[in-house]
Amino acid sequence: MELRDAPDDWVRQHLTVVGLRTVQELRGTTCWPLELVTPAKKMITVSRSFGAPVGEWTELRAAMAFYCARGEEKLRRQRLAAGALTVFLETNRFSTEKPYSGAKSWALSPQTDTTPEIQAEALRALQVIFVSGLRYKRAGITLSDLTPVASLSRRLWEAEQFERTQVLMQVVDRLNRKYGRDAVRYGLFPTTGNWRTRFGKRSPRYTTHWDELL
């Protein structure tokens, strides 16, 4: 009641414009229209800081394959296909070692929503920006130029193989939803290593994770 009836000048000064809009919503004035349909994403980024500095090519390759799998899961959940890919690497900017930040982008032609095709392109980009001898702290991918899968035209080459791969990805996604994430993975990349993000200080997930129920 007190917040709703507070003067606009006071609310703007102490709670900024966002707070003022919230107060106006409490008064019955619509400031944020209701979205009946969630707008389609314009890009999807999967990026993590490594649990420890990583300098080995094999570990970076495993991390990149893992990020591609996560990105493609999100892509297929939205029923989208990607037309462009960006891969990036960064060293620790606060370290005394030589700083480095590299990125590589290119178009995906034809557009795709399958993990095998994205992984192949991402690993090819990783080879371009990888500098031996450095220890990296962060890496990731960005999928952009997103288009609904339903609007994609049939491929002129290897159309049947692409369609079979799409069916395979649907089966993988369905099994992971049923038996848990990473129950089935594409590729034999290791799921452990220094690149895995550490969660030692994360709060317990009592209400959202079966294994952590009280």
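Source: prediction; values computed, not measured.

1. Comments concerning the packing of helix α2 (residues 57–77) against helix α3 (residues 115–129)
- Following both chains from N to C, one finds α2 and α3 inclined at 140 degrees, their axes separated by 9 Å at the closest point. What the angle tells us is that α2 and α3 run oblique. Regarding α2 and α3, the two cross each other, and that crossing is right-handed. Contacts between α2 and α3 pair Trp57, Leu60, Arg61, Met64, Ala65, Cys68, Ala69, Glu72 and Arg76 from the former with Thr115, Ile118, Gln119, Ala122, Leu123, Leu126 and Gln127 from the latter.
- Across the contact of α2 with α3, the residue classes tally to ten nonpolar, three polar and three charged.

2. Quick notes on a nonpolar patch on the surface
- A cluster of nonpolar side chains, Leu3, Trp10, Leu15 and Leu26, forms an exposed patch at the surface whose accessible area comes to about 370 Å².
- Considering the arrangement of structural elements, one finds Leu15 in helix α1 (residues 8–26).
- According to the relative accessible area criterion, Leu15 is partly exposed, its value standing at 36%.

3. A look at the pattern of salt bridges
- Within the structure shown, the criterion is met by twelve salt bridges.
- Glu73 is the partner of Arg70 in a salt bridge, and the nearest nitrogen-oxygen pair spans 3.5 Å. Placement of both Arg70 and Glu73 in helix α2 is noted, with a separation of three residues, approximately one turn of the helix.
- A salt bridge links Arg155 to Glu117; the shortest N-O distance between them is 2.8 Å. Linking Arg155 in the loop between β5 (147–148) and α4 (159–179) with Glu117 in helix α3, this pair joins segments that are 38 residues apart in sequence.
- In this structure Arg155 comes out as buried when scored by relative accessible area, which is 14%.
- Owing to a relative accessible area of 27%, Glu117 belongs among the partly exposed residues under this scheme.
- Residues participating in the shared-partner salt-bridge network are Arg70, Glu73, Arg181 and Asp182.

4. Description of the side chain of Arg76
- Relative to the assigned elements, Arg76 resides in helix α2.
- Overall, the relative accessible area of 14% leaves Arg76 in the buried class.
- Among the polar contacts made by the side chain of Arg76, one reaches the main-chain carbonyl oxygen of Asp113 at a distance of 3.1 Å.
- For Arg76, the contacting residues outside a window of four places in its chain are Asp113, Thr114, Thr115, Met169 and Asp173.

5. Notes on α2
- For α2, which comprises 21 residues, the first-to-last C-alpha distance of 30 Å matches the rise-based estimate of 30 Å (1.5 Å per residue) to within 8%.
- One or two residues past the end of α2 sits Arg79, with phi positive at roughly 60 degrees.

6. Here we look at the packing of aromatic side chains
- Tallied over the entire structure, the rule returns four aromatic pairs.
- Ring geometry for Phe66 and Tyr67: centres 6.0 Å apart, planes at 65 degrees, overall edge-to-face. In this structure, Phe66 and Tyr67 share a single accessibility class: buried.
- Pairing Phe130 with Tyr136 gives two aromatic rings, centres 6.0 Å apart and planes at 40 degrees, and the pair type is tilted. Across the pair, Tyr136 and Phe130 agree in class, each one buried.
- Taken together, the aromatic side chains of Trp57, Tyr100, Phe130 and Tyr136 make up a single cluster linked through ring pairs.
- Sitting over the ring of Trp106, Arg124 keeps its end group 4.3 Å from the ring centre.
- Sitting above the plane of the Phe162 ring, Arg155 keeps its charged end 3.6 Å from the centroid.

7. Quick look at the environment of Val46
- Position of Val46 relative to the elements: it lies in strand β1 (residues 43–54).
- Residues Val46 and Val18, 28 residues apart in the sequence, show an inter-C-alpha distance of 28 Å.
- When near neighbours in sequence (up to four residues on either side) are disregarded, Val46 contacts Tyr67, Arg70, Gly71, Lys74, Ala139, Gly140 and Ile141.

8. Let's talk about the confidence of the model for the protein
- The predicted model of the protein averages 86 in pLDDT, with 93% of residues at 70 or higher.
- For the protein, the element scoring lowest by mean pLDDT is α1, at 83; strand β2 (residues 80–91) scores highest, at 95.

The rules behind the values
- Residues numbered from 1 in each chain as written.
- Predicted model: local features only at pLDDT ≥ 70, side-chain atom pairs only at ≥ 80, totals over all residues.
- Heavy atoms only, no water.
- Axes fitted to C-alpha atoms, helices over the stretch in contact; angles between N-to-C directions.
- Helix = DSSP H or I, 4+ residues; strand = E, 2+ residues; numbered from the N terminus.
- Parallel < 35°, antiparallel > 145°, perpendicular 65-115°, else oblique.
- Left-handed = near helix turned anticlockwise from the far one by under 90°.
- Contact = heavy atoms within 4.5 Å.
- Nonpolar A, V, L, I, M, F, W, Y, C, P; charged D, E, K, R; others polar.
- Patch = residues over 30% accessible without salt bridge, like charges linked within 9 Å, V, L, I, M, F, W, Y side chains within 5 Å.
- Areas by Shrake-Rupley, 256 points an atom, 1.4 Å probe, with all protein chains shown as cover.
- Salt bridge = Lys/Arg side-chain N within 4 Å of Asp/Glu carboxyl O.
- Buried < 20%, exposed > 50% of the residue type's maximum accessible area, 1.4 Å probe, protein only.
- Polar contact = N/O pair within 3.5 Å; in protein donor to acceptor, adjacent residues only side chain to side chain.
- Expected span 1.5 Å × (residues − 1).
- Phe/Tyr/Trp six-rings, centres within 6.5 Å; stacked < 30°, edge-to-face > 60°.
- Lys NZ or Arg CZ within 6 Å of the ring centre and 35° of its normal.
- pLDDT = per-residue confidence, 0-100.

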